[in-house]
Amino acid sequence: MNGQVEDRLLGRLAGLLEWQGLGTAVLTPRPRGGRLHGEDAEEVASLLEQLAEVDAGLPAGRRPRSLIFGNGCFAIGRYAEALAVYQALAGERPDDFAVHFNLGVTHLRRRQPGDATKALTRALELDALSAPAYYQRGNARDDMGDGDGALEDYAMAIGLNPDYLQAHYNRGIVLNNLARYAEAIEAFDQVMELRPDISNAYLNRGVARDELGDTSAAISDYDMALQYNPDNADARFNRARVRYRLGRYREAVADYTAAIELRPDDVEAINNRGLAYDALGQYEEAIADYDSALRLQPDFAEVLSNRGAALESLGDLDAALDNYLEAQKYVPEFAAAYYNAARLYADRGDIPGCAEQLAEAVRLQPGLYAEAESDEVLGWVLDLSRMRDERRER
């Protein structure tokens, strides 16, 4: 009787998995690691519980759980249980492609790329023409930091299935990470030929174009990314950065504001909007943003330095100096904070303090020496420091 109950429950679970496109043998993982939610997930969980109860009462020879059970666990994010099922099956069915493939994908979900690579390599030994296995192993290699290996696997997947959208997309991401921007653009072009409405494809092609210095094309791509997804915060942020560099500060403020509305805790966006306000001469607004950023991340040295610069512009030199010195505490290698503090010590007439700060700035960033030499006051401090060193050498 238990066998009939188990068959009925497995049949219902198999139907649900097929309906959701997840597979009853070889898994078809959802993009971005999506799992079932809502009523479907609840039903799968109920079926798994019932199967576990039935399984416990079966004769020992019928207890090994099927791929369907493991796939059901995978479908609702119970990856440890899925892994245990696949590992048990791998011992019993060492030549079953589906078992090793599913094992590899589950290792990926558990952020175990080394184990995933091993399982997927075994799967490819069993079926060398599986584009999904090459694709998933490419993902595992990418997670291990092996960009070249990932590209090889994505190329194999595409060779077997030229319309493999996800392989083209991930190939573009890896090429961007490897600073091979021209090739990345070609990969994202292919993605758009296959499906022209993917917002992040335009976003990432925009990144590549920006890195190659084609700012107008980058902005066009960010425009397209936002056309297909107005809530793409990364596209807002990236377009704001380009607009800031081009001196289009009001447009940069608008984009950063939209990005912050989408991600209120984005400290970098808040800081960068402060810089745009600063460039517009709106120092109070800039300081308000820096204050907001520091409430979220009090040890953000760059924000403290930027706040100091805005306070300088408002004439509050004591508060500005405090900010530069505090920035040094959080990032002792922050050369600009020492240089700015040196300027303010010079304005106070504190030559020893200026010399100490300036020496540290130049030590950290030797290129600042030429800048200091061209400054009337700091150049004089450098001359004094040189004469002092010469006297010591005598």
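Predicted model only: the values in this text are computed from it and were never measured.

Asker: I would appreciate a short explanation of helix H16 (residues 283-296) in the present structure.
Answerer: Since the α-helix packs 3.6 residues into each turn, any two residues three or four apart lie on the same face. For H16, built from 14 residues, the straight-helix expectation of 20 Å at 1.5 Å per residue is met to within 8% by its first-to-last C-alpha distance of 20 Å. Listed in full, the buried residues belonging to H16 are Ala 286, Ile 287, Asp 289, Tyr 290, Ala 293 and Leu 294. Each buried residue of H16 sits inside an arc of 160° when the element is viewed along its axis, so together they form one side. Structural note: H16 exposes Glu 284 and Arg 295 on the side pointing more than 90 degrees away from its buried face. In this structure, the buried side of H16 is in contact with helix H15 (267-279) and helix H17 (301-313).

Asker: Would you take a moment to explain unusual backbone geometry for this structure?
Answerer: As a rule of thumb, non-glycine residues mostly have phi less than zero, and peptide bonds are mostly trans rather than cis. Even without being a glycine, Arg 111 presents a positive backbone phi close to 60°. Structurally, Arg 111 can be placed in the loop between helix H5 (97-109) and helix H6 (113-126). For Arg 111, a relative accessible area of 77% gives the class exposed. A positive phi is found at Ala 179, a non-glycine position, where the angle reads about 65°. With respect to the helices and strands, the residue Ala 179 is situated in the loop between helix H9 (165-177) and helix H10 (181-194).

Asker: When you look at the packing of aromatic side chains in this model, what are you seeing that I'm missing?
Answerer: Each aromatic ring pair is described using two quantities: the centre-to-centre distance and the angle formed by the ring planes. For the coordinates displayed, the defined rule picks out 8 aromatic pairs. Put simply, the rings of Tyr 135, Tyr 154 and Tyr 164 touch in pairs and so form one group of aromatic residues.

Definitions and limits used
- Residues numbered from 1 in each chain as written.
- Predicted model: local features only at pLDDT ≥ 70, side-chain atom pairs only at ≥ 80, totals over all residues.
- Heavy atoms only, no water.
- Helix = DSSP H or I, 4+ residues; strand = E, 2+ residues; numbered from the N terminus.
- Expected span 1.5 Å × (residues − 1).
- Buried < 20%, exposed > 50% of the residue type's maximum accessible area, 1.4 Å probe, protein only.
- Arc of directions from axis to C-beta.
- Contact = heavy atoms within 4.5 Å.
- Phe/Tyr/Trp six-rings, centres within 6.5 Å; stacked < 30°, edge-to-face > 60°.

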